[in-house]
Amino acid sequence: MSKNKGFSETSAGRYSLALYELAIEANNLSEIEVHSASIINLIASSKDFKSLIKDPTNNKEDQLNALSKISEQYKLNELLTKFLNFLISKRRFFYLDKILKSFVETCSIKRGELKAELISAKDLTEDEINNIKEELTKNFSSKIKLNYKHDASLIGGLIVQVGSTMVDTSIKNKLQQIENRMIEA
């Protein structure tokens, strides 16, 4: 199983890099990146679309028809649509989520952005998130691509991870650290 997983990650990386290079050549990188993010969101929000991609019993014609309708509805970039058709014809459509996430990540890396995760105990406003993003940009001297999540299980504070650097200011984790020290003593 680990061989198959490695193969799928390798394949997804190759396909996403091919899409990146095609998008650069066609001078459509930003539009294709936005459309790719929309498809990623569609996969996450639509059980039917996810099933269409993941179910190996779906035939190519059904997938091509569905893709044609989605392409029209979302006004997808022509190059991206052709790329998705190619994935279907090669029976690689089940990698779509991985390929597009890898593509978006490649675009971010090529722009020099650092990926950051922000988890907060309270629901943050857009201004608060932007202020944190600006502060991280200053501290790390690099553009930050911030993914924000609210976690009500935290008692208070924030958890911020930029690359491999993690800053944990959550009360839940502080209490757990204190409790661990008391047990050790």
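You'll find the protein chain entered in an unreviewed UniProt entry as ATP synthase subunit delta, with Pelagibacter ubique given as the organism. As its UniProt record puts it under Sequence similarities (unreviewed entry), the protein chain is described as follows: "Belongs to the ATPase delta chain family."

Trainee: Summarise the packing of helix H5 (residues 78–89) against helix H6 (residues 96–110); cite the residues concerned and give the values.
Mentor: Contact pair H5 / H6: the axes reach a minimum separation of 12 Å and the direction vectors enclose 140 degrees. When the axis of H5 is compared with that of H6, the two are oblique. As H5 runs across H6, the sense of the crossing is right-handed. On the side of H5, the interface is formed by Leu-80, Phe-83, Leu-84 and Leu-87, while H6 contributes Leu-96, Ile-99 and Leu-100. Here the contact of H5 with H6 is composed, by residue class, of seven nonpolar, no polar and no charged.

Here is what the cut-offs are and how they apply
- Residues numbered from 1 in each chain as written.
- Predicted model: local features only at pLDDT ≥ 70, side-chain atom pairs only at ≥ 80, totals over all residues.
- Heavy atoms only, no water.
- UniProt positions renumbered as here; feature names shortened; annotations may be inferred.
- Axes fitted to C-alpha atoms, helices over the stretch in contact; angles between N-to-C directions.
- Helix = DSSP H or I, 4+ residues; strand = E, 2+ residues; numbered from the N terminus.
- Parallel < 35°, antiparallel > 145°, perpendicular 65-115°, else oblique.
- Left-handed = near helix turned anticlockwise from the far one by under 90°.
- Contact = heavy atoms within 4.5 Å.
- Nonpolar A, V, L, I, M, F, W, Y, C, P; charged D, E, K, R; others polar.

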